[in-house]
Amino acid sequence: MRFCGWWRGELLLQNEPCLNFTQCFGNKVLWAFTPEAASEIYRLLEVLEGEMNPREIQEQLGLKAEKNFRLLYLRPALDAGLIEMTLPGKPRSPKQCYRLTLAGQTVKKRGVR
C-alpha cells in the first residue's frame, strides 16, 4: 500500500500509483502526493524524533543541499499537516524546530509508504 493523502483523520491508501487522485478517491482528497514525493515525506517522518531543528533533520536524512531539503521534504510535509513548526509565528527564527502532528504520528506509526 502507498500513502497518498489524508482526509479528515483518514489515511488514503492506494495499491497502484495514481496520477489523478480525484479519480482514485473522489472529492475526498485534501492533499495527495505522487509515490516519489510520498517516499521522501515518509523518510522525513521516520527520522523526526521529538523536536528537531532543520539542520538536524537534514543530517539525519543524509542530505547536503538545503534548497532540495526544503522543497522536497520540509515544505510538502508542512503543507500536508504531517509536521508543524514549534514557533509558527517565526518561520525564519534560528530557534525554529519541527515536530510531528497527530496526522504525522499516525502515518509514521502505521508504517505506510
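Above this text is the structure in question.
Now for a description of the structure that goes with this document.

We now examine the environment of R55. Relative to the elements of secondary structure, R55 occurs in helix α3 (residues 54-61). Put simply, R55 and C97 are 42 residues apart on the chain and 9.4 Å apart in space, counted from C-alpha to C-alpha.

Our focus in this paragraph is the nonpolar core. Counting 22 residues, the largest nonpolar core has L44, L45, I57 and I83 as the members making the most contacts within it. Elements represented by at least two residues in this core include exactly α2 (35-47), α3, α4 (66-79), β3 (83-85), β4 (98-100) and α5 (102-110). If we ignore the near neighbours within four places in the chain, the residues touching L45 are L82, I83, L100, G104, V107 and K108.

It is worth spelling out the pattern of salt bridges at this point. The final tally for this structure, using the stated rule, is five salt bridges. When the shortest N-O distance is used, the salt bridge between R99 and E51 registers 2.7 Å. Taken together, the positions of R99 in strand β4 and E51 in the loop between α2 and α3 put the pair 48 residues apart, joining distant regions of the chain. Each member of the salt-bridge network shares a partner with another, and the members are E51, E84 and R99.

Direction vectors running N to C along α3 and α4 enclose 90°, while the axes themselves pass 11 Å from each other. When the axis of α3 is compared with that of α4, the two are roughly perpendicular. Packed against α3, whose contacting residues are P54, I57, Q58 and L61, the element α4 presents E66, F69, R70 and Y73 at the interface. Grouping the amino acids of the contact of α3 with α4 by side-chain chemistry returns five nonpolar, one polar and two charged.

About the criteria used
- Residues numbered from 1 in each chain as written.
- Predicted model: local features only at pLDDT ≥ 70, side-chain atom pairs only at ≥ 80, totals over all residues.
- Heavy atoms only, no water.
- Helix = DSSP H or I, 4+ residues; strand = E, 2+ residues; numbered from the N terminus.
- Core = buried A, V, L, I, M, F, W, Y, C linked by side-chain atoms within 4.5 Å.
- Buried < 20%, exposed > 50% of the residue type's maximum accessible area, 1.4 Å probe, protein only.
- Contact = heavy atoms within 4.5 Å.
- Salt bridge = Lys/Arg side-chain N within 4 Å of Asp/Glu carboxyl O.
- Axes fitted to C-alpha atoms, helices over the stretch in contact; angles between N-to-C directions.
- Parallel < 35°, antiparallel > 145°, perpendicular 65-115°, else oblique.
- Nonpolar A, V, L, I, M, F, W, Y, C, P; charged D, E, K, R; others polar.

Such coordinate-based values are descriptive only and should not be taken to indicate function.
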